[in-house]
Amino acid sequence: MARPNMPPPNLPPLSLHVPEPRFRPGDEADFSDFDIPAPGATPRPDESAAPADMRDLAYGLVRVLGDDGQAAGPWNPRLPAETLLKMLRAMALTRAFDERMFRAQRQGKTSFYMKSTGEEAVSVGAAHALQRDDMCFPSYRQQGILIARDWPIIDMMNQIYSNKGDRLKGRQLPIMYSAREAGFFSISGNLTTQYPQAVGWAMASAARGDTRIAAAWCGEGSTAEGDFHSACTFASVYRVPVILNVVNNQWAISSFSGFAGAEATTFAARAVGYGIAGLRVDGNDILAVHAATRWAADRARANAGPTLIEHFTYRAEGHSTSDDPGAYRSANEGSHWPLGDPIARLKRHCIAIGIWDEDRQAAMDRDLAEMVRDTARQAEKNGILGHGLHHPMESMFEDVFEEMPWHLKEQQQQMLDEQKAAGL
């Protein structure tokens, strides 16, 4: 007879599961076992449907574009040719911008850059589905929103160079833009702070009886942050008019998505536990991204509550210019990714329906590359890294308070005195 409070005999020892990516450097990537539904296979519920009635959508995959370039199914947004070509141009410009700024960092003209290669559809598709005055709370890989909203790329370059043309006066890490006039909230380097900010902004919009909604983006790894869950709680309880986007690009720096829970379930399934609508979308299909975002926006404007959208995509490049993905993942993962390249897929669609061709695509790519090159040269005239300070030192004390308090005035004067004494 076992003694009280003693474990039963012959129990196996406990073990701890440590997630491990499927492919490491030297492995051959093989995604043939992915369950990818055909375009049109996922139903489209009414925007006012109860979250419990659309539970399966958090585990499926909304798709519109097929391998033949044709659009199919209930999620097909049936966009006019003009919109399709605008989205194609915005994605191509985003990629050309990324290439130029990446090269600038390698040339020592700036300290840091992050590309969005392979993820352009996530930001450009959403930007075209939202209203211009809806407020976007991006992460650091949504530069496509600004580009799709026709924000001047020279302003973005000035920010990257932290030069005298930088409206933010060098106070932000390169690529952490801020453009209120474009509905683009200041990017934060702290993970997922934008989620509760977006929910709070949307709550204020609803409390005022406004018509504008908010949308936020984070990576799949950031769903492990407390801010993510606090935002979901408030969004659910108050039925906040907000769209919460999770960009599942499979990798958070060198940690694969399994460390954030991808082995157990989808990231869209986070919505199920909070009682909010959840959609899982082919993030490399810009028509699916557009359709899902428009659905979620219509739902928010109808006071039916928030939506969490998981964009299933792949980070084709390194996490940033400080990262070497070859040190932790298979070298051919990107080329084997089964959902393809978002630009190539939309180009194929435009050609298939007779509004585009390869020659015009090549001409557009060439013109955009030249335009980005010429704009970069203009931005570099305002200064680059290594040219010294581009803003007066006293400016570090400015723009915090409407009227500078006495103790900051005292510190500012002390700094100026020391600067003068040092002959700087």
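Look above for the structure.
The following refers to the structure shown. (Residues numbered from 1 in each chain as written. Predicted model: local features only at pLDDT ≥ 70, side-chain atom pairs only at ≥ 80, totals over all residues. Heavy atoms only, no water.)

### As for a nonpolar patch on the surface
For step 1, the next point in the chain: Taken together, Leu16, Val18 and Phe259 make up a surface patch of nonpolar side chains, about 370 Å² in accessible area.
For step 2, the next point in the chain: Position of Phe259 relative to the elements: it lies in the loop between β5 (255-256) and α7 (270-274). (Patch = residues over 30% accessible without salt bridge, like charges linked within 9 Å, V, L, I, M, F, W, Y side chains within 5 Å. Areas by Shrake-Rupley, 256 points an atom, 1.4 Å probe, with all protein chains shown as cover. Salt bridge = Lys/Arg side-chain N within 4 Å of Asp/Glu carboxyl O. Helix = DSSP H or I, 4+ residues; strand = E, 2+ residues; numbered from the N terminus.)

### Digging into the nonpolar core
Nonpolar side chains tend to gather and get buried jointly when the protein is soluble and globular.
For step 1, the next point in the chain: Formed by 77 residues in total, the largest nonpolar core has its most connected members in Phe97, Met101, Met157, Ile175, Tyr177 and Trp217.
For step 2, the next point in the chain: In terms of residues, this core owes the most to one element, helix α1 (residues 81-106), which gives eleven residues.
For step 3, the next point in the chain: Excluding residues within four positions of it along the chain, Tyr177 makes contact with Phe97, Tyr113, Gln143, Leu146, Met156, Gln159, Ile160, Leu168, Phe184, Phe185, Ser186 and Ile187.
For step 4, the next point in the chain: With 23 residues, the next largest nonpolar core counts Met135, Ala202, Val246 and Ile276 among its residues. (Core = buried A, V, L, I, M, F, W, Y, C linked by side-chain atoms within 4.5 Å. Buried < 20%, exposed > 50% of the residue type's maximum accessible area, 1.4 Å probe, protein only. Contact = heavy atoms within 4.5 Å.)

### Observations concerning the layout of surface pockets
For step 1, the next point in the chain: Here the largest pocket is characterised by a volume of approximately 460 Å³.
For step 2, the next point in the chain: Contributing to the lining of the largest pocket are 24 residues, with Arg22, Phe34, Gln250, Ser257 and Ala262 lying nearest its centre. (1 Å grid on protein atoms, 1.4 Å probe; cavity = no way out; pocket = protein on both sides within 12 Å on 5 of 7 lines; lining within 4 Å. Points joined across faces, edges and corners; volume = space filled by probe spheres on them.)

### Topic: empty space enclosed by the protein
For step 1, the next point in the chain: The final tally for this structure, using the stated rule, is three cavities of 30 Å³ or more.
For step 2, the next point in the chain: Volume-wise, the largest cavity comes out at about 60 Å³.
For step 3, the next point in the chain: As for the largest cavity, its lining consists of Trp151, Asp155, Gln159, Asp166, Arg167, Leu168, Tyr177, Ser178 and Ala179.
For step 4, the next point in the chain: Looking at the lining of the largest cavity, its residues break down into four nonpolar, two polar and three charged.
For step 5, the next point in the chain: Each pocket or cavity is described by its volume, and for the second largest cavity that value is around 50 Å³.
For step 6, the next point in the chain: Residue lining of the second largest cavity: Ser139, Tyr140, Ser188, Asn190, Leu191, Thr192, Gln194, Cys218, Gly219 and Ser222, and that is the complete set.
For step 7, the next point in the chain: Classifying every residue of the lining of the second largest cavity by side-chain character gives three nonpolar, seven polar and no charged. (Nonpolar A, V, L, I, M, F, W, Y, C, P; charged D, E, K, R; others polar.)

### A closer look at the side chain of Gln361
For step 1, the next point in the chain: With respect to the helices, strands and loops of the structure, Gln361 is situated in helix α11 (residues 358-380).
For step 2, the next point in the chain: Here Gln361 is in contact with Leu88, Ile343, Lys347 and Trp356, once residues within four sequence places are set aside.

### Topic: the pairing of strand β7 (residues 307-312)
For step 1, the next point in the chain: Among the six residues of β7, six are classified as buried, and the element is accordingly described as predominantly covered.
For step 2, the next point in the chain: Every second residue of β7 is oriented toward a common face, with Thr307, Ile309 and His311 on one face and Leu308, Glu310 and Phe312 on the other, all of them buried.
For step 3, the next point in the chain: Direction of pairing for strand β3 (residues 242-248) relative to β7: parallel, over a ladder of six bridges. Looking across to β7, one finds that Val247 is bridged to His311. (Pairing = 2+ DSSP bridges.)

### Considerations on unusual backbone geometry
For step 1, the next point in the chain: Despite not being glycine, Lys169 shows a phi value in the positive range, around 60°.
For step 2, the next point in the chain: For Lys169, the position within the fold is in the loop between α4 (153-161) and α5 (194-207).
For step 3, the next point in the chain: Among the residues examined, Lys169 registers a relative accessible area of 28% and is labelled partly exposed.

### A look at the packing of aromatic side chains
For step 1, the next point in the chain: Scanning all chains against the criterion turns up 16 aromatic pairs.
For step 2, the next point in the chain: Between Phe31 and Phe34, the ring centres sit 5.1 Å apart and the planes meet at 65°, which makes this aromatic pair edge-to-face.
For step 3, the next point in the chain: Exposure remark for Phe31: the relative accessible area of 11% places this residue in the buried category.
For step 4, the next point in the chain: Taking the centre distance of 5.2 Å and the plane angle of 45° together, the rings of Trp251 and Tyr328 count as tilted. Residue Trp251 is located in strand β4 (residues 251-252), and its partner Tyr328 is located in the loop between β7 and α9 (333-336); the two are separated by 77 residues in the primary sequence. With respect to class, Trp251 is no different from Tyr328; both count as buried.
For step 5, the next point in the chain: One residue, Arg44, lies across the ring of Trp75, its end atom 5.5 Å from the ring centre.
For step 6, the next point in the chain: Geometry around Phe312 places Arg280 over its ring, the cationic atom sitting 4.5 Å from the centre. (Phe/Tyr/Trp six-rings, centres within 6.5 Å; stacked < 30°, edge-to-face > 60°. Lys NZ or Arg CZ within 6 Å of the ring centre and 35° of its normal.)

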